Amino acid sequence: MNNKIINWFKYASPQSFYPLAGKMIPWFWALAAIFGGIGLWITFFAAPTDFQQGEGYRIIFIHVPAAWMSMFIYIVMAGWAALGLALNTRLSGMMAQALAPTGAIMAFLSLWTGAFWGKPMWGAWWVWDARLTSALILFFLYIGFIALQAAIDDPRRADKAGAILALVGVVNVPIIYFSVKWWNTLHQGASVSLTKAPTMAATMLWGMLIMALAFWMYSIAVALTRVRAIILEREAHTEWVKELPEVKGTGQ
Amino acid sequence: MNWESPAAFFAMGGYGLYVWGSFGVCALLMIAEPILASKRRKDILRSLRRERIAENLDQQ
Amino acid sequence: MLTATGLSCVRGERRLFAGLDLAVGPGEWLHVQGENGAGKTSLLRILSSLAPPAEGQIFWRGAPIRELAEDYRREMLFLGHHGAVKEELTPFENLLLAAQLDGAPLDETEALGTLARFGLRGREDLAVRFLSAGQKRRVLLARLAVRKATLWILDEPFTALDVKAVDMLSALIEEHLAGGGMAILTSHQSMPLPNGKVLKI
Amino acid sequence: MLTATGLSCVRGERRLFAGLDLAVGPGEWLHVQGENGAGKTSLLRILSSLAPPAEGQIFWRGAPIRELAEDYRREMLFLGHHGAVKEELTPFENLLLAAQLDGAPLDETEALGTLARFGLRGREDLAVRFLSAGQKRRVLLARLAVRKATLWILDEPFTALDVKAVDMLSALIEEHLAGGGMAILTSHQSMPLPNGKVLKI
Amino acid sequence: MNAILAVIRRDLLLAMRRKSEVLTALFFFVIVVSLFPLGIGPEAALLKKIAPGILWVAALLATMLGLARLFAPDHADGTLEQMVLSPTPLGLLITGKIAAHWITTGLPLVLLAPVLGIQFDLDAEALGILVVALLLGTPLLSLIGAIGAALTLGVRGGGVLLSLLVLPLYVPALIFGAGAVEAHISGLGAGGHLSLLAALLALAVFFAPWATTAALRIALE
Amino acid sequence: MNAILAVIRRDLLLAMRRKSEVLTALFFFVIVVSLFPLGIGPEAALLKKIAPGILWVAALLATMLGLARLFAPDHADGTLEQMVLSPTPLGLLITGKIAAHWITTGLPLVLLAPVLGIQFDLDAEALGILVVALLLGTPLLSLIGAIGAALTLGVRGGGVLLSLLVLPLYVPALIFGAGAVEAHISGLGAGGHLSLLAALLALAVFFAPWATTAALRIALE
Ligand code: HEM
Ligand SMILES: Nc1ncnc2c1ncn2[C@@H]1O[C@H](COP(=O)(O)OP(=O)(O)OP(=O)(O)O)[C@@H](O)[C@H]1O
Ligand SMILES: Nc1ncnc2c1ncn2[C@@H]1O[C@H](COP(=O)(O)OP(=O)(O)OP(=O)(O)O)[C@@H](O)[C@H]1O
Ligand SMILES: [Mg+2]
Ligand SMILES: [Mg+2]
């Protein structure tokens, strides 16, 4: 028990996390490739044509995982941020910073694929639907987080300011979600509404779940890659970085 | 298999633009992002190595 | 009694100083000296608890200042490069409001008297914006006289002051020390005050 | 040759000085002295054509500076309390851009050399925002060395500089004077330069 | 409590001294509201329909414009540093500053809004609801805005970054605020919207000063 | 000419250094545009009708927000004083600064506007006209704005006073700009509006730099 805590703290230091992350990355890439392969196969070959939406519905296999990821990542990011504020561990801030761009990309993908789905289905690239609107606002929150961190030069300050923003955001995301939803249902005009997806066929469900797993693995792998870069940038002048094989020139 | 020919596959039953527009951008971003992330690491490694060499030169 | 042990300061990737120890007792003052960019201002900000040190500990009457928090701040007064003086307000209003924020409201006659002592007679009701460089500094320094603090931390207090004002301020500091106060100053000129210790960075 | 006759300055309803005459010839410098708020800065702004005098005339080589306009400004360099230094840019970029704006682009090695001369080696690529008070002044003063002006008008140039920098700047001014330049300075300290005239306000 | 009052008095005095700032925030509100009919065209029915939305967006922008100057001047001249070093708890001083901000920007908007509402042909009851909604909503805008102002303090490009951070967080206030008036106009009753707005305000009153203080401490470190 | 280019290069360099400023002006535009549907409600037909007005008002506000920082930083750190004292004619330097302002704030808006137009379901031709109108209109906004920025330089509460001065002057640009797109949508043809906009621009190009320079000289005296 005691040992575990010590271990945990050991890996919370950038110095020991850096090589650990390096070892984990290839595994996550491999998993991402496997799940991605299976998922794509289901997407294009196993899943049957939808009798209502034709082939266009295949977008759902990336749209939904991207939308899920964009929300998950925000929560994970806020979690790291809270940890950083509470325990003052350096790694937490770096993790939050590494996750933000991936989260923003996921949010963007959900918007983009949604728009490319909406055009054939609704005849419009965009409608001011509750879900769409709150996804858009989530994207803005990500951009705000990234812009704030980019605008502050001192990394420690950037971490803390980012952490507060992420926490304020995480309180607000559900508020925003429900307020937009309510706004929309009260005023739903003559415009189109999201046709509730029919009870999904088992293949589709499986395809979506597997694609979601692939997105998970991808996100972890990229975030770890990025956190390694951030660790190096921040700790460039520490002894352990200077002793790294890849810096000494003996590795790679 | 639900596709009669590669052409049918790419046409996606008339939804080709939309389906490939989505999957294309998705693939593009998911390829670009890891490349950029690892380039970021390589860049900092390169500058660290350069600094090290300069330091060694200074000491000599 | 302020003591600090093993202080170090890192700005960006540059280590300005490390392993710095200091102690100032009642009636003593410390002259922090060093070249431009040596880290004097950074040290003063650390001592005043505005910035945390990269390493090391600071004690006030034996207790760490991090823990003392408000108790330390009540006894300490920090005046830096910036004025903390509102350009739109008059010297008089500035002085009254500063005292109110400190929780020790000031009597109007006392405020007027202090301003006159600092050579601002006739400028009490002119917005600070119109004052000359030296007069602005004087408004700031007037806080020294009204706020009863034990430890003064002053960053280049003599900047922009003319000869008369320099003498007056020296006398003020001397009086403060004689009453058992402490002071930490930076200055590029030498200072004619007794009981000084010098700390070179 | 800069001459001025019958200058007076009014700020608000206060007449700071009146009937002021002065003349500075090649190789000479003028030390403007006075208490805080006497009107030194106001005088310098008038002489540099930034503000018009309430009364009086200023002549440069015999012609009124109002009429000379750009011809006067090309030969004159004014450095005041404010930096004219961009906090976001590095000292190196600041110097290059200032030179470009003056229409006399600077060679990169020359710029680096000047910065090193002003003790900013190792800070060439750090945004000015991070520099210490004295280092910021040094960036500003580096313009003295790169801009070839005949008349220097400097408002408290020694503020915030450490001993070494004060010596260096004095040497620079001396060199400028030896080469037939002129200078008008304010300072509350005495200055060890030859050929000085004193103007008390 | 005394400290809060001292800060409020100080900030109001400063606002009086820079009178133009308060007045022009108001004029900004008026002008933005008046720009829309110019951009959209003079159709009365259309304008009436979008009036609550426009009034709220304008109020939101007007509040936001003043935000950049909530802490910046105090930061620039070192007052904020002195506040951190003051023996009074920083949280109280900050609460005072937020309150003063609302008094100088939010309150005037609330008072002016009915006049502008009349221009769009809103009836008396709708105007009443507009005022109540703004009365609940503008303090919320000040509270949330203060967090953003503190986070962007001393940061490059702070002014516009501030809007980026704050505007998404303003969305619920906007939706319920404008929604209240619209719901009334379309006969649905504004009660629900208003009580949600009040709940948000209660949440913000407890949470925002804390977050603002934490952000300020970081900015000054 | 060289001087103009030097100033443009300098300001672009500064803008790159404060990247967030440029980017966030853009996002401000995006966010303001997105706020309106939230205030007004999700009805597609209504939104499509008011889209040009909203886009133009948002562009106008986004330009205006950056205006306060057109001369203020240069004023604060004494650069402007040095520009006045520089042997290069001040008018040229100022023209350079205005051009740089347009490149960093106006141009990105023009490029982004079509994307936002799509959100409001505008068709391709309407989007084209929107872009042309903005291409003519945003330099106009920068030019007129520069006069206001110069006039309010160093004035207390300048930021908001600025909006007060500038917004009324922006009205013609707004009416013709938004009018062009609306005229097209309602089938009237946008030619008239666009050529009026072009005429205004030509007028401003000659007149505004001169007025700005004069105002700056006064501000610095
Ligand atoms: C720009 C446009 C769009 C955006 C931003 C968007 C956003 C989202 C988000 C955030 C989710 C996850 C919601 C959740 O799990 O509760 C989601 C799921 C989903 N979206 Fe979209 N969407 C868009 C367009 C569309 C379109 C056009 C369709 C279909 C006609 C669609 C169908 C779905 C379906 C079926 C789900 C999964 C349903 C579920 O899990 O409850 N979306 N979308
Ligand atoms: N991000 C950074 N990276 C590298 N160096 C930095 C950074 N920030 C500050 N510095 C350096 O830290 C030092 C700060 O010094 P400080 O302001 O404490 O000096 P000082 O002793 O008060 O000098 P002065 O006499 O000029 O007032 C400067 O040398 C500055 O160049
Ligand atoms: N509007 C005004 N009304 C009255 N007096 C004013 C007004 N504006 C400025 N003054 C006075 O004019 C003087 C300006 O002096 P100036 O800045 O030239 O002084 P200085 O000699 O440079 O002083 P220092 O040594 O402090 O820099 C100050 O005494 C100031 O109080
Ligand atoms: Mg210093
Ligand atoms: Mg002066």
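Values in this document were obtained by computation on a predicted structure and should not be read as measured data.

The rules behind these values
Residues numbered from 1 in each chain as written. Chains lettered and ligands numbered in written order. Predicted model: local features only at pLDDT ≥ 70, side-chain atom pairs only at ≥ 80, totals over all residues. Heavy atoms only, no water. Contact = heavy atoms within 4.5 Å. Buried area = accessible area lost by both parts, 1.4 Å probe. Salt bridge = Lys/Arg side-chain N within 4 Å of Asp/Glu carboxyl O. Polar contact = N/O pair within 3.5 Å; in protein donor to acceptor, adjacent residues only side chain to side chain. Helix = DSSP H or I, 4+ residues; strand = E, 2+ residues; numbered from the N terminus. Nonpolar A, V, L, I, M, F, W, Y, C, P; charged D, E, K, R; others polar. Patch = residues over 30% accessible without salt bridge, like charges linked within 9 Å, V, L, I, M, F, W, Y side chains within 5 Å. Areas by Shrake-Rupley, 256 points an atom, 1.4 Å probe, with all protein chains shown as cover. Lys, Arg positive; Asp, Glu negative; His and termini not counted. Charge placed at Lys NZ, Arg CZ, Asp CG, Glu CD. Buried < 20%, exposed > 50% of the residue type's maximum accessible area, 1.4 Å probe, protein only.

Trainee: I would appreciate a short explanation of the interface of chain F and chain A in the present structure.
Mentor: It is common to give the size of an interface as the accessible area that goes away when the parts come together. Tallying the contact residues gives 16 residues for chain F and 15 residues for chain A. Regarding the contact of chain F and chain A, the summed buried area is about 1,400 Å², with carbon and sulfur atoms giving 76% of it. Three residues stand out in chain F for area buried against chain A, namely Leu-38, Pro-42 and Gln-119 of chain F, and they jointly supply 43% of the buried area on that side. Linking chain F with chain A are zero salt bridges. Linking chain F with chain A are zero residue pairs in polar contact (both at pLDDT 80 or more). Among the secondary structure elements, those contributing two or more residues to the side of chain F that touches chain A are α2 (19-40), α3 (44-76) and α5 (90-119) of chain F. With seven residues, the single largest contributor to the side of chain F that touches chain A is α2 of chain F. Residue classes in the side of chain F that touches chain A are distributed as ten nonpolar, four polar and two charged.

Trainee: Would you mind going over a negative patch on the surface with me for this structure?
Mentor: Taken together, the side chains of Glu-239 of chain A, Glu-51, Glu-55 and Asp-58 of chain B together with Glu-13 of chain C define an acidic patch exposed on the protein surface. With respect to the helices, strands and loops of the structure, Glu-51 of chain B is situated in helix α2 (residues 16-59).

Trainee: Help me understand the interface of chain A and chain B in this model?
Mentor: Between chain A and chain B, the contact holds 49 residues from the first and 31 residues from the second. Here chain A and chain B share an interface that buries about 3,500 Å² over both sides, 71% of which is from carbon and sulfur atoms. Across the salt bridge formed by Glu-233 of chain A and Arg-40 of chain B, the nearest N and O atoms sit 3.0 Å from each other. The residue makeup of the side of chain A that touches chain B, split by class, is 29 nonpolar, eleven polar and nine charged.

Trainee: In this structure, what is going on with the side chain of Ser-179 of chain A? I would like to understand it.
Mentor: Structurally, Ser-179 of chain A can be placed in helix α6 (residues 155-187). Its relative accessible area of 1% is what places Ser-179 of chain A among the buried residues. Separated by 2.9 Å, the side chain of Ser-179 of chain A and the backbone oxygen of Ile-176 of chain A make a polar contact. Contact partners of Ser-179 of chain A, with chain neighbours within four places excluded, come to Pro-172, Ile-175 and Phe-176 of chain E.

Trainee: Would you take a moment to explain a nonpolar patch on the surface for this structure?
Mentor: Residue and element names in this part refer to chain A. Taken together, the side chains of Trp-68, Met-71, Phe-72, Val-76, Leu-205, Trp-206, Leu-209, Leu-213 and Trp-216 present a nonpolar region at the surface, about 830 Å² in accessible area. For the nonpolar patch, the elements supplying multiple residues, two or more each, are α3 (60-87) and α7 (202-234). With five residues, the single largest contributor to the nonpolar patch is α7. Mapped onto the elements of the fold, Phe-72 is located in helix α3.

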